[in-house]
Amino acid sequence: MNSDERGPGRLWVWLFRRLMPADHRDAAVGDIAEEYHLRCRRDGRTAADRWYRRQVARSAGPAIRRWLGGFARRVKTNKGEGETMGIWLGHLRLALRVLAKRPGFAGVVVTTLAAGIGITTALFAVFRGVFLQPLPLPEPDEVVVVMQAGSFGCCGPASGPDYVDWVARQRSFDGMALLNPSSLTLTGLDDPERIYGTYVTPNAFRFLGVEPEIGRALTPDDQVSGDAVVLHHRLWTRLFEARQDVLGQTLEIDGEPKVVVGVMPDGFDVPSPWLGTRHHEVYLPISPTALEGSRGNHSFPVVARLSDGTSVESAQADMDRIMAELADEYPQTNALRTARVFTVHEYLYGSVGDQLVLILGAALLVLLIACANVGGLQLARAAGRETELSVRAALGASRRAVAGLLFSESLVLAVAGGTLGIAVAYASLEGLRALLPPSMPRIEDVAMDPTALLFALSASVFTAVAFGMLPAVLASRSDLASGVRENGAGTLAPRKERLRDAFIVGQVALGLVLANGAGLLVRSYAEVRGQEYGFRTEGVVALSLNPQGPRYGDWAERERYVEAVSDAVRDVAGVTHVGLVTRLPLSGGTNGNVQVEGWEPRASNDQGPLVEVTSVTGDYFDAMGIPLLQGRLLIADDSIAGAVGVVINQAMADEVWPGESPLGKRFGFGTPPPWLTVVGVVGNVRQWGPEQAALSQAYFPFQQGWSASGFLTVAIEGDAARIVPELRR
């Protein structure tokens, strides 16, 4: 089946049909279907789908106006053509007087509804802000990330040479850009400042379709010179107070001067799979040497924009073809690797959206239970109102008038509950930000915007109908005049007793479902909170250390700098241990497959156990409280070339040498590898987050040069408020 034959989706077709006037509904549906298929062939299915949805949205306004006009005509009474809303205003005034005489009942109902509507609205605001909100880019559905998969699973970054081949051989993208997101240090200011930025191929700004706010974007010439930087609006505002004369000024980034050539607008960002909750504040041209590096150095995520008419599926097939060619040409590095294409929205927010849908569903169940509770209260209250309603009927009130009065009371309660619910939603939003994981993307952008308020209004209308329509319908179908004779004692009629029982059964059923789900959620949360992370979480301070620039171009200079800073920190009163690590626990890491001595030689670098690589120095294990289980910790002699000693974690010992002592065993990266000797085994640490079990991990001496930057881990005793400022100095 061709893509244009599938149509825009049954839901959108049904919505459009319902929004059209009945007298020419079929003709309108046929016309829009014909135009949709024409646009599919001309612009592609993605563009045609967006056009169809815009037509549905534009049809909603006229449909609402037609409905309101029909409603106004239907509510006219037989007291005169000019009286359209008078009877309803009378019902509302009477409902207010009746409810004012029952403040306890009204207070319970309003509070119940406010809690249900408020919590549901707050969760909807989070769901919309985190998941539903599109990326602030033109045609965001066409922007994709291209990652690699292999024996390690999915997904990982690409290498520079692979990217160059992708660009040369692809047939599906308007452009592909290589990224290298990094933590950077702004120097030359009063105080050095750590920021997050990315090195990027200059073509990214062109195919993403966003122009700089002032100045220009990066160019290929900037890649050669390497001395240009584009600022984000946030940094421009924070450091330069949004001054126009920022262009041409020099910033020192990682010790090297960079000339400001442009500023990207607020709301824009180059999408990166590693952004998380961060934002890029600077954009730097990626060095040509990164594109010419080792094919086995997989360090760079790739973003791209689909060509017109190209689907994600066809782009995936195109990348499968390219990766098969590269596997034949470079079996040592590419034999077991594939590429995966995702929309940026799916990659960044898909799993978060699934979690939020479950939470929002639970909140909607709470709202349904609230409606059932209120409906039960209404039916119970009806026992005491049979005589009152019967008297109204005896005095000439029609069934429609009695039903209108009851529904008006429900409407007043729902509006009051919705109004108070908005206040509850505003208050709940701050609490949700504190409760939800700080790693949740875009959580800081969540706000009670007009869409969230419209949701609250819709929830109020829903509740009014849900708990108010049934009593009104029952009243319109009852023989109210006989109520004076039969129900003077204030008892429920048999039919209403059955309905009350049905409400109770429904409440219990919904409550059991919600309680079961809440129990599972609490259990999962308790399990995550109760997990042993494998390190101390109190009495430890982490300080970022990033010696960069010409002054630290020599590795020996960096090492001396690290030693000098470590010695100065040790001299601070209250400090007990000082160590250095390249990646802190729970923050991800770097990994690679290893060759184990005595195993069959591997045919590809992607074969063998996958091992996390971390460099440490000093008292890192003591500072973090990571226990030594076998052997010894690292010493200075372990950094000698040709006889490098490493410490591994228990997970690696169990995976590679189960039932054996790993001490003295050897493994290595590369083919053939320089061998590394295991000198000790330490406890497991969760490196990739609290939910991810500990993986195999090897700790190298920092002097081996796996990374030039890291984090000082400082164990302290005493008053942290006094010690931490001294550490910063």
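Residues numbered from 1 in each chain as written. Predicted model: local features only at pLDDT ≥ 70, side-chain atom pairs only at ≥ 80, totals over all residues. Heavy atoms only, no water.

Let's talk about the overall build of the protein
- Within the protein one finds 22 helices and 22 strands.
- Burial status across the protein gives 44% buried among its 729 residues.
- Carbon and sulfur atoms make up 57% of the accessible area of the protein, which amounts to about 35300 Å² in all. (Helix = DSSP H or I, 4+ residues; strand = E, 2+ residues; numbered from the N terminus. Buried < 20%, exposed > 50% of the residue type's maximum accessible area, 1.4 Å probe, protein only. Areas by Shrake-Rupley, 256 points an atom, 1.4 Å probe, with all protein chains shown as cover.)

What about unusual backbone geometry?
- A positive phi angle is found at E139, which is not glycine, with a value near 45°.
- Tracing the sequence through the fold places E139 in the loop between α5 (103-132) and β1 (143-150).
- According to the relative accessible area criterion, E139 is partly exposed, its value standing at 36%.
- The backbone of E241 sits at a positive phi, close to 55°, despite the residue not being glycine.
- Along the chain, E241 falls in the loop between α9 (233-240) and β7 (250-253).

Notes on the side chain of D165
- Within the secondary structure layout, D165 lies in helix α6 (residues 160-169).
- Contacts of D165, omitting those with residues within four sequence positions, involve R295, L326 and Y330. (Contact = heavy atoms within 4.5 Å.)

Brief notes about a nonpolar patch on the surface
- Together, L454, L457, V461 and V465 give the surface a local cluster of nonpolar side chains, amounting to about 350 Å² of exposed area.
- Along the chain, L457 falls in helix α16 (residues 450-477). (Patch = residues over 30% accessible without salt bridge, like charges linked within 9 Å, V, L, I, M, F, W, Y side chains within 5 Å. Salt bridge = Lys/Arg side-chain N within 4 Å of Asp/Glu carboxyl O.)

Examining the nonpolar core
- Ranked by size, the top nonpolar core spans 26 residues in total, and within it V200, F205, L218, F268 and Y283 carry the most contacts.
- It is helix α7 (residues 203-208) that contributes the most residues to this core, four residues altogether.
- In this structure L218 touches V200, P202, F205, A228, V230, V261, Y283, L284 and P285, once residues within four positions along its chain are discounted.
- A158, A304, I322 and A339 belong to the second largest nonpolar core, which has 22 residues in total. (Core = buried A, V, L, I, M, F, W, Y, C linked by side-chain atoms within 4.5 Å.)

Section: the pattern of salt bridges
- For the coordinates displayed, the defined rule picks out 17 salt bridges.
- In this structure, E325 and R321 form a salt bridge, with 3.3 Å as the shortest nitrogen-oxygen distance. Residue E325 and its partner R321 are located together in helix α11 (residues 312-329), separated by four residues, close to a single helical turn.
- In this structure E325 comes out as partly exposed when scored by relative accessible area, which is 26%.
- Residue R321 is classed as partly exposed on the basis of its relative accessible area, which comes to 22%.
- Linking E660 and K665 is a salt bridge whose minimum nitrogen-to-oxygen distance equals 2.8 Å.
- Assessed through its relative accessible area of 46%, E660 is described here as partly exposed.
- One network of salt bridges, in which partners are shared, links R169, D318, R321, E325 and E329.

Regarding α9
- Buried within α9 we find H233, L235, W236 and F240. Projected down its long axis, α9 carries its buried residues within an arc of 165°, all on one side.
- Residues of α9 that are buried make contact with β3 (173-187), β5 (214-215), β6 (228-232), β7, β8 (256-264) and β9 (282-285).
- One or two residues past the end of α9 sits E241, with phi positive at roughly 55°. (Arc of directions from axis to C-beta.)

Description of the environment of V596
- Along the chain, V596 turns up in strand β15 (residues 595-596).
- For V596, a relative accessible area of 1% puts it in the buried group.
- The residues touching V596, leaving out its near neighbours within four places in the chain, are P609, V656, W657, R666, F667 and W675.

Observations concerning the pairing of strand β20 (residues 676-682)
- Here β20 lies mainly inside the structure; six of its seven residues are buried.
- Strand direction decides the pairing type here: strand β18 (residues 645-649) and β20, joined by five bridges, are parallel. Its bridge partner lying in β20, V646 is registered against V678.
- Across two bridges, the pairing between strand β19 (residues 666-668) and β20 is antiparallel. In the sheet register, F667 faces β20, and the bridge partner there is L676. (Pairing = 2+ DSSP bridges.)

Topic: the confidence of the model for the protein
- Within the protein, residue pLDDT values average 79, and 78% of them lie at 70 or more.
- Ignoring residues within four places in sequence, the model shows residues 77-84, a span with pLDDT below 50, making seven contacts including any to other chains.
- Across residues 483-492, confidence stays below pLDDT 50; counting only partners more than four residues off in sequence or on other chains, it has 15 contacts. (pLDDT = per-residue confidence, 0-100.)

Remarks on the packing of α6 against α11
- Contact pair α6 / α11: the axes reach a minimum separation of 10 Å and the direction vectors enclose 130°. Judged by the angle between their axes, α6 and α11 are oblique. Of the two elements, α6 crosses α11, and the hand of that crossing is right-handed. Across the interface between the two elements, D162, D165, W166 and R169 from α6 touch M319, R321, I322, M323, E325, L326 and E329 from α11. (Axes fitted to C-alpha atoms, helices over the stretch in contact; angles between N-to-C directions. Parallel < 35°, antiparallel > 145°, perpendicular 65-115°, else oblique. Left-handed = near helix turned anticlockwise from the far one by under 90°.)

Side note on the pairing of strand β22 (residues 710-716)
- Buried residues dominate β22, accounting for six of its seven residues.
- Inspection of the sheet shows strand β12 (residues 540-545) paired to β22 by six bridges, in the antiparallel sense. Considered in β22, the bridge of L543 is made with L712.
- Where strand β13 (residues 575-581) and β22 come together, six bridges link them in antiparallel fashion. Each bridged residue has a counterpart across the sheet, and for V578 the counterpart in β22 is V714.

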